[in-house]
Amino acid sequence: MNKRVLVTGGCGYIGSHTCVELAEAGFEPIIVDNLSNSEKIALEGVEKILGRKIEFIKADCCDAAAMEEIFEKYDFSSIIHFAAFKAVGESVSKPLDYYRNNLGSLINMLSLMRKHNVPNIVFSSSATVYGQADVLPVTERTPRKEATSPYGSTKQMCEDILHSCSVAYPKINVIALRYFNPIGAHPSALIGELPRGVPNNLIPFVTQTAAGIRPMLSIFGNDYNTPDGTCIRDYIDVTDLAKAHVCAVNRMIEGTGHSNYEVFNVGTGRGVSTLEVVQTFERVNNLKLNWKFADRREGDIESVWADTTYANEELGWKAIMPLDETLRNAWRWQQYIDSQKK
Ligand code: UD1
């Protein structure tokens, strides 16, 4: 069986963890990354964990000629397409960059898949496509709400492009994974999230505050209509999330899907508040974090968590990592990268 999988954005946070899981499951990941928002040390971490080299090609997925060369050289069974811009705020100020990069790279992938007969693609979608749903938890059938940022809009449009292609080109199989809030780091603490500049996401801000890089964490809003007044999210461990990609690739290779376009929620099925995350982080790592309540952050939704029944039953996948463990790994990873800088 052809085990070669093209992993675009494979040096990124979720991409690097997925390469580890793919390789451990007997696949041969081949990474294409332009390193625009990732570092080669992610690749080194992956190789350390695996104890062997992983093929890496520095290229931009929007560069059709460079990608053509790669598709000519390798015979891929599947593609996992992570490469994309992902900062919500930045997408508001640079919409063209987001539409060009996120849509352009996917369109290139699909054109090359057709030309070179690569049948399978897993796409990194997001729970952002649901917006603030009327009914919680959200299932895959929950109607998508109008996107609140160009970033969210690219995720919806990419899903639509993939759906249209699955209809027009029946040989192409698509699985879109809607990620909830990926957090944590590999248990080895050799790979993890590497935000550039001031982190936008909660966990890197928490770990950087614990490390003294940031003076204080602001919890955005304590007047939401939730039990403790802070927002609720479905925090999914990055290794659990990575494993969902292996299940998705297997499903397409084995042809066990119900159709050639499928969507799965990838979350834990449990909603946790921001305050609970912060307090759990303090407890499991035995430290005190500087934090305060601050105003709500514009664009934040109040609550979202996943109904994961469909993924559990159909993908044969389930999130298993306890939040305590995930938050310990996140802190160990922060300490590891800080020690590397010294
Ligand atoms: C956002 C995006 C999501 C994207 C994800 C990963 C939306 C609505 N959400 O998720 O699409 O996939 O980032 O990039 O587009 N918080 C604080 N203080 C902080 C940082 C965060 O209190 O310093 C709170 C937020 O208000 C939120 C929770 O922590 O309630 C999680 O925030 P974050 O990690 O940024 O993820 P989302 O906004 O849920």
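Above this note sits the structure.
Just so it is clear, the model here is predicted, and its values are computed rather than measured.

## Some details on helix 6 (residues 150-168)
Here comes step 1: An ideal rise of 1.5 Å per residue puts 27 Å on 19 residues; helix 6 measures up with 26 Å between its terminal C-alpha atoms.
Here comes step 2: Pro150, Tyr151, Gly152, Ser153, Thr154, Lys155, Gln156, Cys158, Glu159, Leu162, Cys165 and Ser166 are the residues of helix 6 that are buried.
Here comes step 3: For helix 6, the secondary structure elements touched by its buried residues are helix 4 (88-93), helix 5 (95-116), strand 5 (120-126), strand 6 (173-179) and strand 11 (261-266).

## What about empty space enclosed by the protein?
Here comes step 1: The final tally for this structure, using the stated rule, is one cavity of 30 Å³ or more.
Here comes step 2: Approximately 90 Å³ is the volume attributed to the largest cavity.
Here comes step 3: The wall of the largest cavity is formed by Tyr13, Gly184, Glu193, Pro195, Ile203, Pro204, Thr207, Gln208, Ala330, Trp333, Gln334 and Ile337.
Here comes step 4: When contributions to the lining of the largest cavity are tallied by element, the ones reaching two or more residues are helix 7 (202-210) and helix 11 (323-341).
Here comes step 5: The residue makeup of the lining of the largest cavity, split by class, is seven nonpolar, four polar and one charged.

## Digging into the packing of aromatic side chains
Here comes step 1: Tallied over the entire structure, the rule returns eight aromatic pairs.
Here comes step 2: The interplanar angle of 75° and the centroid separation of 5.0 Å between the aromatic rings of tryptophan 291 and phenylalanine 293 together place this pair among those described as edge-to-face.
Here comes step 3: You can call phenylalanine 293 partly exposed: its relative accessible area is 35%.
Here comes step 4: In this arrangement the basic side chain of lysine 3 is found over the ring face of phenylalanine 27, its NZ or CZ atom lying 4.4 Å from the centre.
Here comes step 5: For arginine 114, the ring lying beneath its charged end belongs to tyrosine 169, and the centroid distance is 3.6 Å.

## Re the side chain of threonine 239
Here comes step 1: Structurally, threonine 239 is set in helix 8 (residues 238-254).
Here comes step 2: In contact with threonine 239, other than residues within four places in its own chain, are His17, Glu21, Ala185, His186 and Pro187.

## Quick notes on the site of the ligand
Here comes step 1: Contacts to the ligand come from 20 residues, most closely from Leu202, Ser218, Phe220, Arg233 and Asp300.
Here comes step 2: Threonine 128 is positioned such that a nitrogen or oxygen atom in its side chain is 3.1 Å from an oxygen atom of the ligand.
Here comes step 3: In the model, an oxygen atom of the ligand is placed 3.4 Å from a nitrogen or oxygen of the asparagine 200 main chain.
Here comes step 4: Secondary-structure elements contributing two or more residues to the shell around the ligand are helix 7 and strand 8 (217-220).
Here comes step 5: Per element, the largest residue contribution to the shell around the ligand is four residues, and it comes from strand 8.
Here comes step 6: Classifying every residue of the shell around the ligand gives nine nonpolar, seven polar and four charged.

## Notes on the pairing of strand 3 (residues 55-58)
Here comes step 1: Two strands pair when backbone bridges link them, and strand 2 (residues 28-33) and strand 3 are joined in this way by four bridges, in the parallel orientation. When the sheet's bridge partners are listed, aspartate 33 is paired in strand 3 with lysine 58.
Here comes step 2: For the segment spanning strand 2, helix 2 (residues 40-50) and strand 3, crossover handedness is right-handed.

## Quick notes on the state of the cysteines
Here comes step 1: According to the stated counting rule, one finds zero disulfides in the structure shown.
Here comes step 2: No disulfide involves cysteine 158; its sulfur sits 10 Å from that of cysteine 62, the nearest cysteine.
Here comes step 3: Among the residues examined, cysteine 158 registers a relative accessible area of 2% and is labelled buried.

## Structural notes on the layout of surface pockets
Here comes step 1: By volume, the second largest pocket amounts to about 220 Å³.
Here comes step 2: Lining the second largest pocket we find Thr139, Glu140, Arg141, Tyr261, Glu262, Val263 and Tyr310.
Here comes step 3: Its residues assigned to classes, the lining of the second largest pocket shows three nonpolar, one polar and three charged.

## Description of unusual backbone geometry
Here comes step 1: The omega torsion across leucine 136 and proline 137 is -5°, close enough to zero to call that bond cis.
Here comes step 2: Assignment of secondary structure puts proline 137 in the loop between strand 5 and helix 6.
Here comes step 3: Positive phi is not limited to glycine here, since leucine 35 has a value of about 60°.
Here comes step 4: With respect to the helices, strands and loops of the structure, leucine 35 is situated in the loop between strand 2 and helix 2.
Here comes step 5: Given a relative accessible area of 19%, leucine 35 falls into the buried group.
Here comes step 6: Phi angles above zero are rare outside glycine, and alanine 189 is one such case at about 60°.
Here comes step 7: Among the secondary structure elements, alanine 189 is positioned in the loop between strand 7 (181-183) and helix 7.

## Digging into the pattern of salt bridges
Here comes step 1: Tallied over the full model, the rule gives 19 salt bridges.
Here comes step 2: A salt bridge links glutamate 159 to arginine 144; the nearest nitrogen and oxygen atoms lie 3.1 Å apart. Of the two residues, glutamate 159 sits in helix 6 while arginine 144 sits in the loop between strand 5 and helix 6, which places them 15 residues apart along the sequence.
Here comes step 3: The closest approach of N and O atoms between arginine 233 and aspartate 300, which form a salt bridge, is 3.9 Å. Separated by 67 residues along the polypeptide, arginine 233 in strand 9 (residues 232-233) and aspartate 300 in the loop between strand 13 (291-294) and helix 10 (309-315) bring together distant segments of the chain.
Here comes step 4: Taking the relative accessible area as the measure of exposure, arginine 233 reaches 12% and is therefore buried.

Rules behind the numbers
- Residues numbered from 1 in each chain as written.
- Predicted model: local features only at pLDDT ≥ 70, side-chain atom pairs only at ≥ 80, totals over all residues.
- Heavy atoms only, no water.
- Helix = DSSP H or I, 4+ residues; strand = E, 2+ residues; numbered from the N terminus.
- Expected span 1.5 Å × (residues − 1).
- Buried < 20%, exposed > 50% of the residue type's maximum accessible area, 1.4 Å probe, protein only.
- Contact = heavy atoms within 4.5 Å.
- 1 Å grid on protein atoms, 1.4 Å probe; cavity = no way out; pocket = protein on both sides within 12 Å on 5 of 7 lines; lining within 4 Å.
- Points joined across faces, edges and corners; volume = space filled by probe spheres on them.
- Nonpolar A, V, L, I, M, F, W, Y, C, P; charged D, E, K, R; others polar.
- Phe/Tyr/Trp six-rings, centres within 6.5 Å; stacked < 30°, edge-to-face > 60°.
- Lys NZ or Arg CZ within 6 Å of the ring centre and 35° of its normal.
- Near = heavy atom within 4 Å.
- Polar contact = N/O pair within 3.5 Å; in protein donor to acceptor, adjacent residues only side chain to side chain.
- Pairing = 2+ DSSP bridges.
- Right-handed = clockwise from strand over helix to strand, strands pointing away.
- Disulfide = S-S within 2.5 Å.
- Salt bridge = Lys/Arg side-chain N within 4 Å of Asp/Glu carboxyl O.

Read these as geometric descriptors, not functional statements.
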